[in-house]
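Listed below are the residues making up each chain.
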Amino acid sequence: MLGNFTYCNPTKLYFGKSAIDGLNEELPKYGKNVLLVYGGGSIKKNGIYDKVIGLLEANGKTVYEDAGVMPNPTVEKLYEGIERAKKAKADLILAVGGGSVCDYAKAVSVSVNCKEDPWDKYYLRMEDVDCEIIPVGCVLTMVGTGSEMNGGSVITNYAQKLKIGHVFGENVFPKFSVLDPEYTFTLPKYQMIAGFYDIMSHILEQYFSGEDDNTSDYIMEGLLRSLIHSSLIAVENPEDYEARSNIMWTATWALNTLVAKGKTTDWEVHMLGQAVGAHTNATHGMTLAAVSMAYYRHIMSYGLKKFVRYAENVWNVSPDGKSDEQIAEEGLKAMESWMKKIGLVMNLTELGVKKDMVESIADSTLIMDGGYKILTKEEVIKILTESL
Ligand code: NZQ
Ligand code: ZN
């Protein structure tokens, strides 16, 4: 049964070639001081920085910069960003980059006026925001996280060996996001395909939960089919606009709250991947890819009906003359060969995980209760060990 829900997504999107001109519509809505947040410098190499600065200046803004947001942004960087935003008296935080930059901008936005330590309040205690928020806008340069249209913000605390995402409410969603598929053309292949798998994983985390006949599951099957189709084209030709634009749009819908409405969700693969990330600083999408096959094979029998549906509706597995187990396993095999074909990392060893780290990674893995099997610590260790 489709459960009760309220739905609202306040992020305004500007999509397509020249979407950046949307800044001319958005910037006048905010005060003079803009904190421009970006990463390690890719936007300076590909010209996006110059374009954004030009538009900020044309709109009469005073620009303050907060550069060097690393992939998997740290709590130490967050503390630095809070000081920068305070000094700038920022009226708007403009994030130009991938999920890390967008997530970080949201974390700064809710922390500047926060009376307590934001790591403790938002990430350890998972409390709501009760202070004034600085609005965030995004110019997306890497596709995958969905951060451009959601309240998610993931921060890593290496000292505590924890990588935690807080899903903030609608008031923290970006006020607007600029999505120009051509801005993603300069991504290195490793990052591009890691993003593709992040999208796949976001959909599967929401799909593999519950047994209901639910519109959201049909939408997800469509998104998955589109992603699989376009990803195979994009790995051959990264500048195929049709494929890259379809993938960009799929990523946004995969995690902007729509497909989770009215149903339960899992998110255990992300908990495993984030625990790996807290120990290795590995690329997010690759941590998910490395643990997925072991996880899904482990839980398959507990959610067999859904795995059969997945095999038939997403991977076109023919059911004729086969048992449910055979159909489901064929679906997972098809998924595994797609993963290998696009070039994903299929094991944790390649990400720097050693056998003697497994126990500690398991300790950092949060156990979710929305999937087909609530894992025990022994099962987490088994899945991680099988993923080595
Ligand atoms: O820092 P720069 O120099 O910009 O380089 C980045 C970075 O090294 C590079 N890059 C981005 N756009 C580029 C580019 N290089 C060339 N050309 C471009 N156009 O790509 C590298 C990775 O960027 P990053 O932002 O770290 O990647 P991603 O978008 O995958 O974000 C990962 C973070 O998002 C979190 C992850 O945990 C991780 O911390 N997530 C956020 C979610 C959310 N908000 O809902 C959900 C996700 O599950 C995920 O957990
Ligand atoms: Zn993800």
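Rules used in this analysis
Residues numbered from 1 in each chain as written. Chains lettered and ligands numbered in written order. Predicted model: local features only at pLDDT ≥ 70, side-chain atom pairs only at ≥ 80, totals over all residues. Heavy atoms only, no water. Helix = DSSP H or I, 4+ residues; strand = E, 2+ residues; numbered from the N terminus. Expected span 1.5 Å × (residues − 1). Buried < 20%, exposed > 50% of the residue type's maximum accessible area, 1.4 Å probe, protein only. Polar contact = N/O pair within 3.5 Å; in protein donor to acceptor, adjacent residues only side chain to side chain. Donors = N, O, S within 2.8 Å, 3.2 Å for Na, K, Ca; no water. Phe/Tyr/Trp six-rings, centres within 6.5 Å; stacked < 30°, edge-to-face > 60°.

Trainee: Hey, could you run me through helix α9 (residues 241-254) in this one?
Mentor: Spacing of three or four residues puts side chains on the same side of an α-helix, whose turn is 3.6 residues. Taking 1.5 Å of rise per residue, 14 residues should cover 20 Å, and α9 covers 20 Å from first to last C-alpha, within 8% of that figure. All of the buried residues in α9 are Ala-243, Arg-244, Ser-245, Ile-247, Met-248, Thr-250, Ala-251, Thr-252 and Ala-254. At the N-terminal end of α9, a side-chain oxygen is found 3.1 Å from the backbone nitrogen of Glu-242, two or three residues along, and the residue is Asp-240.

Trainee: Any chance you could explain the coordination of the zinc ion (ligand 2) here in plain terms?
Mentor: Protein coordination at the zinc ion (ligand 2): the donors are Asp-198 (OD), His-202 (NE2), His-270 (NE2) and His-284 (NE2), at 2.0 to 2.2 Å from the metal. When the donor residues of the zinc ion (ligand 2) are listed from N- to C-terminus, their spacing reads D-x3-H-x67-H-x13-H. Of this pair, His-202 sits in helix α7 (residues 189-207) while His-284 sits in helix α11 (residues 284-299); the two residues are 82 residues apart in sequence, bridging distant segments of the chain. For His-202, a relative accessible area of 2% puts it in the buried group.

Trainee: Got a minute to help me understand the packing of aromatic side chains in this structure?
Mentor: The geometry of an aromatic ring pair is captured by two quantities: the separation of the ring centres and the angle between the planes. One pass over the full model with this rule turns up 17 aromatic pairs. Relative to Trp-338, the ring of Trp-315 lies with its centre 6.2 Å away and its plane at 55°, an arrangement referred to as tilted. On the criterion of sequence distance, the pair formed by Trp-315 in helix α12 (residues 304-315) and Trp-338 in helix α13 (residues 324-342) is long-range, its members being 23 residues apart. Given the relative accessible area of 14%, Trp-315 is considered buried.

Trainee: How should unusual backbone geometry be read in this particular structure?
Mentor: When glycine is set aside, most residues are seen to have a negative phi, and most peptide bonds are trans. If you check the backbone angles, Ser-18 has positive phi at about 65° while not being a glycine. Of note, Ser-18 is situated in the loop between β1 (12-15) and α1 (23-26). On the basis of relative accessible area, Ser-18 is assigned to the partly exposed category, the value being 48%. A positive phi angle is found at Asn-72, which is not glycine, with a value near 60°. Assignment of secondary structure puts Asn-72 in the loop between β3 (62-66) and α4 (75-88). Of the residues examined, Asn-72 reaches a relative accessible area of 8% and is grouped as buried.

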